[in-house]
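# Reading the structure
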Amino acid sequence: MAEFHPCHGSLVFLSNENRSARRRSSAAEFNNGLIFSKNPLRDNELFEVRLDRKIGNWSGSWAIGVTTGDPSVMEIPSSSTGLKNGSWIMSGMSILKDGSSFVEEYAQQDLDELKEGDRVGVERKARGNLHFFVNGVDLGVAATNIPQNVFAVVDLYGRCVEISIYKPYNRLPGK
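Residues numbered from 1 in each chain as written. Predicted model: local features only at pLDDT ≥ 70, side-chain atom pairs only at ≥ 80, totals over all residues. Heavy atoms only, no water.

Residue placement: Tyr-157 occurs in the loop between strand 12 (151-155) and strand 13 (160-165). When the C-alpha atoms of Tyr-157 and Glu-48 are compared, they prove to be 17 Å apart, with 109 residues separating the residues in sequence. (Helix = DSSP H or I, 4+ residues; strand = E, 2+ residues; numbered from the N terminus.)

Quick look at the structure:
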């Protein structure tokens, strides 16, 4: 079962056996909400989270992606734009590489416009392609030549206050 890494941004509070995350002081602070997957992603593993709570105080919202940095040994920056040395992040409608714009208007869907209950996901394919998902829909190749052993990263930024790891209900065969 997927869970969040115990090393995270200074304002993050984990609950639900490290499968839910909330940014403390969300009305007063808009950053310091980085969260990572507990383990590096396996090839073709979709890491998906659901937006549980959003507020109207700030502009901007959550971001999601991958980083080569190991959360247990890195100095965790205040936001995903501070991740360097191997990070690919979807923010708004764009892809950032090491904190700088890499692909403009990657998606027709703006992450900042998503509502409570919506989901975003990231997956590194076996051939090194990086894909992002919104509500289960694959948005296509965002980047190529992504190294193995990347951690998923989610930024509880701005309006995004609380998320949970999403695992779809799997029906038993023949039911």
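Considering the arrangement of structural elements, one finds Asp-155 in strand 12. Buried within the structure, Asp-155 lacks any salt-bridge partner; its nearest side chain of opposite charge belongs to Arg-23, at an N-O separation of 6.8 Å. Among all residues touching Asp-155, those that are not within four sequence positions of it are Gly-33, Leu-34, Ser-61, Trp-62, Ala-63, Ser-79 and Ser-80. (Buried < 20%, exposed > 50% of the residue type's maximum accessible area, 1.4 Å probe, protein only. Lys, Arg positive; Asp, Glu negative; His and termini not counted. Salt bridge = Lys/Arg side-chain N within 4 Å of Asp/Glu carboxyl O. Contact = heavy atoms within 4.5 Å.)

Of all five residues in strand 10 (residues 130-134), five are buried, a share of seventy percent or more. In strand 10, alternate side chains face the same way, and those of Leu-130, Phe-132 and Val-134 on one face and His-131 and Phe-133 on the other are all buried. Across four bridges, strand 10 lies against strand 11 (residues 137-143) in antiparallel orientation. Among the inter-strand pairings, His-131 is bridged to a residue of strand 11, identified as Val-141. Following strand 10, the chain reverses through two residues before pairing antiparallel with strand 11; Asn-135 in that reversal takes a positive phi of roughly 50 degrees. (Pairing = 2+ DSSP bridges.)

Membership of the largest hydrophobic core comes to 35 residues, with the highest contact counts inside it found for Phe-47, Val-49 and Ile-163. Here Val-49 is in contact with Phe-4, Trp-62, Ile-64, Asp-118, Arg-119, Val-120, Val-154, Ile-163, Ser-164, Ile-165 and Tyr-166, once residues within four sequence places are set aside. Ranked by size, the runner-up nonpolar core spans seven residues in total, among them Leu-34, Ile-89, Leu-96 and Val-153. (Core = buried A, V, L, I, M, F, W, Y, C linked by side-chain atoms within 4.5 Å.)

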